[in-house]
Every structure is written in structure tokens, then in C-alpha cells.
Amino acid sequence: MTATSPATVPSADARRAVRSRQLTAGLVVAAIGAGALGGAWYFQLVVGLAPCPLCLEQRIPYYIGVPVALIGALCGGLGKEGLARVALALAGMLMALGAFLAVYHAGVEWGLWAGPETCSGAGPAVGGGNLLGQLQTARVVRCDEAPWRLLGLSLAGYNAFIAASLLVVAMWGATAKA
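Since we're looking at a predicted model, the values are computed, not measured.

Enquirer: What's the story with the pattern of salt bridges in this structure? I'm lost.
Expert: Oppositely charged side chains can pair when the atoms bearing their charge come close. One pass over the full model with this rule turns up two salt bridges. Between Asp 13 and Arg 16 there is a salt bridge, with its nearest N and O atoms 2.2 Å apart. Residue Asp 13 and its partner Arg 16 are both found in helix α1 (residues 12-47); the two are separated by three residues, about one turn of the helix. When its relative accessible area of 44% is taken as the criterion, Arg 16 is described as partly exposed. Across the salt bridge formed by Glu 81 and Arg 85, the nearest N and O atoms sit 3.4 Å from each other. Pair noted here: Glu 81 and Arg 85 are both in helix α3 (residues 81-110), with a separation of four residues, about one helical turn. Assessed through its relative accessible area of 22%, Glu 81 is described here as partly exposed.

Enquirer: Is there a simple way to think about the side chain of Asn 159 in this case?
Expert: By the element assignment, Asn 159 lies in helix α5 (residues 155-174). Look past the residues within four positions of Asn 159 in its chain and what remains in contact with it is Gln 58, Tyr 62, Gly 98 and Ala 102.

Enquirer: Where do I start with the packing of aromatic side chains in this structure?
Expert: A ring pair, where both rings are aromatic, is described by two values, the distance of the centres and the angle of the planes. Using the criterion set out here, one finds one aromatic pair in the structure. Judged by centre distance (5.9 Å) and plane angle (85 degrees), the ring pair of Tyr 42 and Phe 43 falls under edge-to-face. Judged by relative accessible area, which is 45%, Tyr 42 ranks as partly exposed. Taking the ring centre of Trp 41 as reference, the NZ or CZ of Arg 59 above it sits at 5.0 Å.

Calculation criteria
Residues numbered from 1 in each chain as written. Predicted model: local features only at pLDDT ≥ 70, side-chain atom pairs only at ≥ 80, totals over all residues. Heavy atoms only, no water. Salt bridge = Lys/Arg side-chain N within 4 Å of Asp/Glu carboxyl O. Helix = DSSP H or I, 4+ residues; strand = E, 2+ residues; numbered from the N terminus. Buried < 20%, exposed > 50% of the residue type's maximum accessible area, 1.4 Å probe, protein only. Contact = heavy atoms within 4.5 Å. Phe/Tyr/Trp six-rings, centres within 6.5 Å; stacked < 30°, edge-to-face > 60°. Lys NZ or Arg CZ within 6 Å of the ring centre and 35° of its normal.

Written as C-alpha cells, this is what we have:
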């Protein structure tokens, strides 16, 4: 007859702590991620700053990551540690992608590297025909010019900090073990 070591069976308190950590991480990532999206929509719809193509791409990890983080929170709250771990790790990877896109965009704005030809540099080439009509209807939002800054940082710069912070929180929840 062998005795089970108390170290191999997690206590009820340890399982509750994991559940709480995963629930908290998922809710924080979802709430702050949704807030970041709300801020982007506020600047677009209320302030009137039209997003460039890179701005729109930076939203995609949030559109996917917020629901995934909510799934992680739900699984964590229900005590399904493994599923919560996977969902929170996926949310963390999405936030890492968001941080990468934001750093890339901020670098384009600062002139550290070239941005996409479609929204950086001299603008689109216009062909023959009605040149004046083409110029009057062309509306290109440039990726290499920040239309708004606070304390020297553009919205892309702030997004880099937000996404990197959410990456840390998501991975904190994903690494919780009893």
C-alpha cells in the first residue's frame, strides 16, 4: 500500500487560486481589449480621425482576442484549467501580434522603416484621363503621418503598450497551475 503525497494532489485552495487567476486574467484582457477598440472607434467616429490601413489591421487581434479571452475567463471560472490555459495563451499570442503591428506602425510614423506603398510616401499614382477628378475624389489616409499625439506618442505607440501589457496579463493567467 502506497500513500499519496500531499504535494501531488492540489488542494481546494490551490485550485480556487488558479480558477481566480484565470478568470481575472481573461476578464482583464477582454475588458481592456474592448476598451482599446472602443477608444479606436471613438477617435474615428467622434473625433474624426480616419484610420489608415495599418490602424485597421491593428484592430484585428482585438476583434479575435477579446472573445477568446472571455472564453478563457469562462473556462477558468468553471474550473476547466486546461481549456482556460489554451484560450488565454491564444489571447496572449493575439496580443503579441497586436503589439508587433503597433510597433511596426509606430516605426513607420517615426520614419524608422518604410511602410506599405499603399499608404506611405508620396501617395497613389494617378494615371491619365480626368486627373483633376481623380485628385478630388482620392482620399488616402497616410500610414506614415500620425494625426494625433499625446506626450510624443501616437495612437499606434499607445496601442503597443496596451497590447504588450495584455500579453503579459494573458500569459500570467495561462501559466497558472495548482
